[in-house]
Amino acid sequence: MMIQAQQIHKSFGTLEVLKGVDFSVETAEVVAIMGASGAGKSTLLQILGTLLTPDSGSLLIDGTDVLRLSGNALSAFRNQRIGFVFQAHHLLPEFTAQENVMMPALIGGIGTREARKKADALLEAVGLSGRSTHKPSQLSGGEQQRVAIARALINNPAILFADEPTGNLDTRTKEEIHQLLLQVRKDFGQTLVVVTHDPALAALCDRTCHLQDGAWL
């Protein structure tokens, strides 16, 4: 089992966002989480990705009790074991596509030469080998998302979390990114958890879970 979350509760002030959520994902499984805005999808994803701490509950990721980690140990675990793809890309505008992809590897202590080699291979894998020296402002929205996916993969994480990864893209580009995300599982063996409003993306996943008012339907 790659993810085992039990009785996850999270409130912000008096607003109870997650009401005792259980969630498990097998290794190399692709799971979609759907629900209306405000259902708690992104909050759950941030907790699963160790970006947010639940008020109570337990969370094992690849056998590690991540709620017992803190500080540098938690940062190192996140850097090495988890990849993130967000709707807004979050690319650094002053750096090239190659440099953006290299960043997590450099943070993880990989040498510049090896990081560049890995970045180039991943940019080729996502169909951007000819765009490695371009900065984000010189790339389309779909190309920026491809860079973000390559960046998320550079440390060969066990899990890839994607939050509305195609929310801002046109229909054709959405379909291309959908196929790319599934190809990631095929080529790299990642477990993939996707928060989405897009039924076309959910239909491509192994299963879909529906969240409503902080609990599963």
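Residues numbered from 1 in each chain as written. Predicted model: local features only at pLDDT ≥ 70, side-chain atom pairs only at ≥ 80, totals over all residues. Heavy atoms only, no water.

A. Inspection of the side chain of Arg 151 at higher detail. Structurally, Arg 151 can be placed in helix H5 (residues 141-153). Put simply, Arg 151 is tucked away with no salt bridge, and the nearest opposite charge, on Glu 94, sits 10 Å away. A distance of 2.8 Å separates a polar atom in the side chain of Arg 151 from the backbone oxygen of His 90. If we skip the residues at most four places from it in the chain, Arg 151 touches His 89, His 90, Leu 91, Asn 100, Val 101 and Pro 104. (Helix = DSSP H or I, 4+ residues; strand = E, 2+ residues; numbered from the N terminus. Buried < 20%, exposed > 50% of the residue type's maximum accessible area, 1.4 Å probe, protein only. Lys, Arg positive; Asp, Glu negative; His and termini not counted. Salt bridge = Lys/Arg side-chain N within 4 Å of Asp/Glu carboxyl O. Polar contact = N/O pair within 3.5 Å; in protein donor to acceptor, adjacent residues only side chain to side chain. Contact = heavy atoms within 4.5 Å.)

B. Focus on the packing of helix H3 (residues 97-107) against helix H4 (residues 112-125). For the pair H3 and H4, the least separation of the axes is 8 Å and the interaxial angle reads 125°. Judged on the interaxial angle alone, H4 and H3 are oblique. Where H3 crosses over H4, the handedness of that crossing is right-handed. Contacts between H3 and H4 involve Ala 97, Gln 98, Val 101, Met 102, Ala 105 and Leu 106 from the first element and Thr 112, Ala 115, Arg 116, Ala 119, Asp 120 and Leu 123 from the second. Tallied by class, the residues present in the contact of H3 with H4 amount to eight nonpolar, two polar and two charged. (Axes fitted to C-alpha atoms, helices over the stretch in contact; angles between N-to-C directions. Parallel < 35°, antiparallel > 145°, perpendicular 65-115°, else oblique. Left-handed = near helix turned anticlockwise from the far one by under 90°. Nonpolar A, V, L, I, M, F, W, Y, C, P; charged D, E, K, R; others polar.)

C. Structural detail: the pairing of strand E4 (residues 56-61). Where strand E1 (residues 3-12) and E4 come together, five bridges link them in antiparallel fashion. Its bridge partner lying in E4, Ala 5 is registered against Leu 59. The hairpin turn running from E4 into strand E5 (residues 64-65), its antiparallel successor, is two residues long, and Asp 62 in that turn takes a positive phi close to 50°. (Pairing = 2+ DSSP bridges.)

D. Region of interest: the sheet that holds strand E2 (residues 15-25). Pairing is antiparallel in the open sheet, where four strands are placed in the order E2-E1-E4-E5. Single-partner strands in this sheet number two, and they are E2 and E5.

E. Structural view of the packing of H3 against H5. In the contact formed by H3 and H5, the axes pass within 7 Å of each other and the chain directions differ by 30°. Relative to H5, the element H3 lies roughly parallel. For the pair H3 and H5, the crossing hand works out as right-handed. The residues of H5 that touch H3, namely those facing Ala 97, Asn 100, Val 101 and Pro 104, are Val 147, Ala 150 and Arg 151. When the residues that make up the contact of H3 with H5 are grouped by side-chain class, the tally is five nonpolar, one polar and one charged.

F. Structural view of the nonpolar core. In this structure, Val 101, Leu 123, Val 147, Ile 149 and Leu 160 are the most contacted members of the largest nonpolar core, which totals 36 residues. Considering each element in turn, this core owes the most residues, six residues, to H5. Val 25, Val 66, Val 195 and Leu 211 belong to the second-largest nonpolar core, a separate cluster that totals 29 residues. (Core = buried A, V, L, I, M, F, W, Y, C linked by side-chain atoms within 4.5 Å.)

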